[in-house]
Amino acid sequence: FMAMSSERRDEFFEICQRKLEKVRLTVVGREDISFPSKLHSINVHDDAILLTLKQVQEEELPIEKGSKLSFQGGLNNGQQVVCELTVRSVHISENHQKPSLVRVSWPDEFERKQMRQDVRIKTALKVFYTEELSAYGRMDPEKQFTGVISDISKGGAFILTREKVLYKGQTLYLYLYIVDSKVDINSLIPCRVVLVKSVGQGKNTRCHGMAVNFLKLSRSTEANLINWIYEQQRLMLAERVAIKKAEEDEDESEAGDEEGMIE
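First things first, this report covers the structure right here in the doc.

Looking now at the overall build of the chain. Across its full length, the chain carries two helices and 14 strands. The buried share of the chain, reckoned over its 263 residues, is 34%. Considering only contacts within the chain whose residues lie at least 6 apart along the sequence, 60% involve residues at least 24 apart. Carbon together with sulfur atoms contributes 46% to the accessible area of the chain, which is approximately 16,400 Å² in total.

Next comes the structure, spelled out in structure tokens:
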């Protein structure tokens, strides 16, 4: 029995085939565990969807037959399709160059909603910026300034600096460098200043902040930045879950000590 009508099933198939660009799968009940994914295939005859799973090599995969997955799919029209899927089978790739695969059943129902323009996270990234590039399209060390990105999304960033402040509407070039085990970003990005404000007031002004929009990102830089942002979100969520569990364990321990003292 399928909860979806034939019209809704056709709509879901059309979305997956023609509009779906990127997917994130999250283990229901384990929101700290999620995977960037892509649609491999969707089958009408047995109501099955085959999805890739990235970055699971050499890790214990908490997905098995019967697991529930939260599916968040970004569409090419700025919308998002959200649903819950049940795992039918999992194939872990032995070749690290190839993604693992998970086969899931079609959802009983799905929801389409407008995505937030950008997912934004707090961070502390040292960056360099300049008003103009050299004749070779590079930063001149004598004309570059230093700042710290305090939050970032795929659409822009907020830069804190004690050095050169540009006015709203001006263009600057930002050198973004992020390298870890999963992401490598090494890009010079043209930006437009959309907001300038002081941090602190009067004589207590410690630095200035500039909100900038990224004017142009290469596809690889955008993809890497999105993956990095999602990974940072996952790590922050995992940290909050661990802290909460530690606090609960401490409360239980203290309660046990008090009971022991009463006895």
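Read on, since the account is not over.
Our next topic: helix α1 (residues 6-19). Taking 1.5 Å per residue, 14 residues should reach 20 Å; α1 reaches 19 Å between its end C-alpha atoms and fits that length. Those residues of α1 lying buried are F12, I15 and C16. When α1 is viewed along its axis, its buried side chains cluster within an angular range of 90° and face the same direction. In α1, those exposed residues whose orientation departs by more than 90 degrees from the buried face are E7, D10 and R18.

So, on to the pairing of strand β5 (residues 68-75). In this structure, strand β1 (residues 20-27) lies alongside β5, joined through seven bridges in antiparallel fashion. Bridging from a neighbouring strand, R24 pairs with Q72 of β5. Sheet topology note: the β5/strand β6 (residues 79-91) ladder contains seven bridges and is antiparallel. When the sheet's bridge partners are listed, Q72 is paired in β6 with V82.

Moving on, we come to the nonpolar core. Residues F12, F71 and V102 are the most contacted members of the largest nonpolar core, which totals 26 residues. Listing elements by their share of this core, those giving two or more residues are α1, β1, β2 (30-37), β4 (48-53), β5, β6 and β7 (100-105). Among residues more than four places away in sequence, those in contact with F71 are L20, V23, R24, L25, L51, V81, V82, C83 and L85. Core analysis: the next-biggest nonpolar cluster, separate from the first, contains 25 residues, I121, I152, L172 and V193 among them.

Scanning all chains against the criterion turns up 10 salt bridges. Between E131 and K164 there is a salt bridge whose closest N-O contact spans 3.7 Å. Here E131, found in the loop between β9 (121-130) and β10 (144-152), pairs with K164, found in the loop between β11 (156-161) and β12 (171-179); they are 33 residues apart in sequence, far enough to count as distant. Accessibility expressed as a relative area gives 34% for K164, which makes it partly exposed. K143 is paired through a salt bridge with E132; the nearest N and O atoms lie 3.8 Å apart. Pair noted here: K143 is in the loop between β9 and β10 and E132 is in the loop between β9 and β10, with a separation of 11 residues, a long-range link. Salt bridges sharing common partners tie together R8, E11, E109 and R112.

So, how was this worked out
- Residues numbered from 1 in each chain as written.
- Predicted model: local features only at pLDDT ≥ 70, side-chain atom pairs only at ≥ 80, totals over all residues.
- Heavy atoms only, no water.
- Helix = DSSP H or I, 4+ residues; strand = E, 2+ residues; numbered from the N terminus.
- Buried < 20%, exposed > 50% of the residue type's maximum accessible area, 1.4 Å probe, protein only.
- Contact = heavy atoms within 4.5 Å.
- Areas by Shrake-Rupley, 256 points an atom, 1.4 Å probe, with all protein chains shown as cover.
- Expected span 1.5 Å × (residues − 1).
- Arc of directions from axis to C-beta.
- Pairing = 2+ DSSP bridges.
- Core = buried A, V, L, I, M, F, W, Y, C linked by side-chain atoms within 4.5 Å.
- Salt bridge = Lys/Arg side-chain N within 4 Å of Asp/Glu carboxyl O.

Don't take any of this as a statement about function, it's just geometry.
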